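# A closer look at the structure
Single-letter residue listing:
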Amino acid sequence: MKYILLNLKIEKSFEEKIYMSIKKNHSLKELNTFGIDVKANYLAEIFSVNELKDVLKDSEFNNLPKLILGGGSNILFTKDFEGLILKISIPGINILDENKENVIVESGAGVVWNDLVNYCVEKKFGGIENLVLIPGTVGAAPIQNIGAYGQELKDTFLELSGVFLDSVDEKSFTNSECKFSYRNSIFKNELKDKFIVTSIKLRLKKNPEINSSYKDILDELRKSNISNPSIKDISNIVASIRRRKLPDPVEFGNAGSFFKNPVISLTQFEELNKKYPGLKSFPVDDRYVKISAAWLIEKCGWKGKQSGNVGTYHNQPLVLINYGNATGSEVFEFAMEIKESVQTKFGVTLQNEVNII
Ligand code: FAD
Ligand code: EPU
């Protein structure tokens, strides 16, 4: 039931309020794509900014630890959550402004990211078509500046709005204020777990520039004999590559890439490449390159390996799989074994992409 009933709280007892609006001792198994079976003391599903502010100001809850949850597709729960989970389900997609070239689209944080992509592709608004089928919600997209197949959120991102957990003050952040970089933003650093995104605005192109630079896309375009692709073609191609390469969380619990691709200095890369020719690299700037974590992990012998309920995906060893009823700790320990062996063999430190709770 919706939290709207909170304004009845003065007349209601605490237990009644929980009964009406906030779920108690709730299982999170269906709310994380790893399918880890843990519980939260309290779970509030939030449908508007006002509801969010009401919950944050509520004296019953303001001293509890809080966790912001979208689609749970980049989270690994290693234990029960002793506090209040705020599941952000704020809906709505609107066109705010447009001219001949551009359109400003605003979306609520609870909108499913892929629904926003499909909405834009259907309307021929270009800029996020390569990000099709990334699981999760719009509100989580800026947290790690989601990216895939040659596009990142930051390329079209205009601004976001939200609320600070402690002060309950509202604030907007422009693109530069978000300090986006590869799988990173201010919300994973200074403002980690301190700010709740409630909506975002994107600036999209009406005459889109097609981004087909990613090798897999180029291969598919050649195979299908498409020389002048539309954004719909690109989103169809990316969707089919993703379906082929990545496991569906409904079938195999996972959270996508468990680690980020390491960014190392050119000097370190040259040394490694002498010893291990074939190491894939992608330029970052004059001094740094990104190398493939999947390649490093495969070369350590982890591809398709399984230990108990946990393993790496047979097509993509960067993706860890819950093959049964794995606990979050089992997944985490398996991940740490991988990290250690990559460190020992290559001297490269893998960083988690997945948020460990
Ligand atoms: P959650 O997992 O619920 O949360 C992730 C983090 O964001 C948590 O720290 C949470 O507290 C915080 N958060 C969530 N919502 C908000 C909010 N409204 N305000 C503030 N903080 C919030 N990612 C990519 O970048 N590229 C990919 O290609 C990609 N492919 C994937 C493929 C698969 C099969 C899977 C399972 C995941 C993949 N991911 C990918 C990771 C994931 O889809 C993204 O990180 C996504 O943005 C997570 O969204 P979510 O709503 O599920 O976030
Ligand atoms: N590779 C191997 N062995 C494998 C698979 C891949 O060596 O089994 C090497 C190959 O050299 C391949 C390279 O890894 O060319 C890159 O593989 P892929 O195209 O699958 O991409 P990735 O670098 O492994 C990244 C993102 C994905 C994103 C894809 C496509 C990160 C951490 N991961 O994966 O994002 O979808 O590129 O752009 O940056 C996610 O963040 O959860 C995620 C799935």
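It should be noted that the structure appears before, not after, this text.
Predicted model only: the values in this text are computed from it and were never measured. (Residues numbered from 1 in each chain as written. Chains lettered and ligands numbered in written order. Predicted model: local features only at pLDDT ≥ 70, side-chain atom pairs only at ≥ 80, totals over all residues. Heavy atoms only, no water.)

### Brief notes about the pattern of salt bridges
Quick reminder of the rule: Put simply, a salt bridge is a Lys or Arg side-chain nitrogen that is within 4 Å of an Asp or Glu carboxyl oxygen. Accessibility here uses a 1.4 Å probe with only protein chains present; expressed as a share of the type maximum, an area under 20% marks a residue as buried, one over 50% as exposed, and anything in between as partly exposed.
Tallying each qualifying case throughout the model produces 15 salt bridges. Between glutamate 152 and lysine 154 there is a salt bridge; the shortest N-O distance is 3.4 Å. Between glutamate 209 and lysine 205 there is a salt bridge, with the nearest N and O atoms lying 3.9 Å from each other. Classification of glutamate 209 as exposed rests on a relative accessible area of 59%. Residue classification places lysine 205 among the partly exposed positions, given a relative accessible area of 37%. Among the charged side chains, a network of salt bridges with common partners joins Glu152, Lys154 and Asp155.

### Remarks on the site of ligand 1
In plain terms, the rule: Distances are taken per atom, and a residue is near a molecule or strand as soon as one of its heavy atoms is within 4 Å of it. In protein, a polar contact means a hydrogen-donor-capable atom and an acceptor-capable atom, both N or O and within 3.5 Å, with residues adjacent in sequence counting only if both atoms are side-chain atoms; elsewhere, any N or O pair within 3.5 Å suffices. Here the accessible surface of atoms and residues is derived via Shrake-Rupley with a 1.4 Å probe, and residues count as covered only by protein chains that are part of the display. Put simply, DSSP marks the helices as runs of H or I at least four residues long and the strands as runs of E at least two long, and each gets a number from the N terminus on. Under the convention adopted here, Pro, Cys and the residues Ala, Val, Leu, Ile, Met, Phe, Trp and Tyr are nonpolar, Asp, Glu, Lys and Arg are charged, and Gly plus all remaining residues are polar. Note that the domain bounds were set by an automatic or database domain assignment.
Around ligand 1, the structure places 31 residues, and the nearest of them are Ile68, Gly70, Gly71, Ser73 and Thr137. Between asparagine 74 and ligand 1, the recorded distance is 2.8 Å, taken from a backbone N or O atom to an oxygen atom. Taking 980 Å² as the accessible area of ligand 1 by itself, protein coverage stands at 95%. At the level of secondary structure, the elements contributing two or more residues to the shell around ligand 1 comprise strand 3 (66-69), strand 8 (147-148) and strand 12 (195-205). Broken down by element, the residue count for the shell around ligand 1 peaks at 3 residues, all from strand 12. Residue classes in the shell around ligand 1 are distributed as 15 nonpolar, 14 polar and 2 charged. Per-domain counts for the shell around ligand 1 show at least three residues from each of domain 1 (2-88) and domain 2 (93-205).

### Topic: the sheet that holds strand 3
The test is simple: One requirement defines pairing of two strands: DSSP has to find at least two bridges between them. For helices, the fitted axis covers only the stretch in contact; all axes are lines through C-alpha atoms, and the angles between them, taken along N-to-C directions, range from 0 to 180 degrees. When checking whether two residues touch, look at their non-hydrogen atoms; a contact exists if any pair is within 4.5 Å.
Strand order across the open sheet formed by 4 strands is 1-2-5-3, with mixed pairing between neighbours. Either end of the sheet is taken by a strand with one partner, and the two such strands are strand 1 (23-27) and strand 3. Within this sheet the neighbouring strands show an average axis-to-axis angle of 40°, counted without direction. Looking at chain direction, strand 2 (residues 39-46) and strand 5 (residues 81-88) are connected through 6 bridges and run parallel. Within the sheet, the bridge partner assigned to leucine 43 lies in strand 5 and is isoleucine 85. Of the strands in this sheet, strand 2, strand 3 and strand 5 are in contact with helix 2 (residues 49-57), which crosses strand 5 at around 165°.

Remember that the coordinates give geometry; whether it matters functionally is a separate question.
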